[in-house]
Amino acid sequence: MIIERARLSIKPELADAFNDIFEDVAPLFLAAKGCKGVRFERSIEESATYYLVVDWETLEDHMVVFRASDDFQKWRAAAGSFFAAPPLVEHVRVAKSASV
């Protein structure tokens, strides 16, 4: 599994409102080939910073298939006006984990 982590710098005056678009945009991701889950995380220290975290089966499912889709364009249209700066996107894999 590949994890997409996108750091989203949101205009401070729109930070609370940005949270409200999740219900509208989550289905765009969940309908995509290879998407296994999506969530918004909000920074405690920087309340205008969010992280979009998406679990993908493959990197191609995100970078090729989803990015070429109409749903990606809908995501950008819904979220774009909230951005204070372009998103910073990286892809990671879990190297090791443990839990209680």
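Residues numbered from 1 in each chain as written. Predicted model: local features only at pLDDT ≥ 70, side-chain atom pairs only at ≥ 80, totals over all residues. Heavy atoms only, no water.

Looking at helix H3 (residues 59-66)
Part 1: Looking at H3, one finds that the buried residues are Asp61, His62 and Phe66. Looking straight down H3, one finds its buried side chains confined to an arc of 95°; they lie on one side.
Part 2: Taken together, the buried residues of H3 touch strand S1 (2-9), helix H2 (22-30), strand S3 (49-56), helix H4 (70-79) and strand S4 (88-92). (Buried < 20%, exposed > 50% of the residue type's maximum accessible area, 1.4 Å probe, protein only. Helix = DSSP H or I, 4+ residues; strand = E, 2+ residues; numbered from the N terminus. Arc of directions from axis to C-beta. Contact = heavy atoms within 4.5 Å.)

Remarks on the pairing of S3
Strand residues, when the strand is regular, have side chains that alternate between the two faces of the sheet.
Part 1: The buried fraction of S3 is high, at seven of eight residues.
Part 2: Note: S1 against S3, eight bridges, orientation antiparallel. Residue pairing for S3: Leu8 is matched across the bridge by Tyr50.
Part 3: As consecutive antiparallel partners, strand S2 (residues 35-42) and S3 are separated by six residues. (Pairing = 2+ DSSP bridges.)

Quick notes on the pattern of salt bridges
Part 1: On inspection of all chains with the given rule, the structure shows seven salt bridges.
Part 2: Here Arg42 makes a salt bridge to Asp16, at a shortest N to O gap of 3.0 Å. Of the two residues, Arg42 is situated in strand S2 and Asp16 in helix H1 (residues 15-19); the sequence distance between them amounts to 26 residues.
Part 3: Among the salt bridges present, the one from Glu41 reaches Arg39, with a minimum N-O distance of 2.8 Å.
Part 4: By relative accessible area, which is 26% here, Glu41 ends up partly exposed.
Part 5: In this structure Arg39 comes out as partly exposed when scored by relative accessible area, which is 39%. (Salt bridge = Lys/Arg side-chain N within 4 Å of Asp/Glu carboxyl O.)

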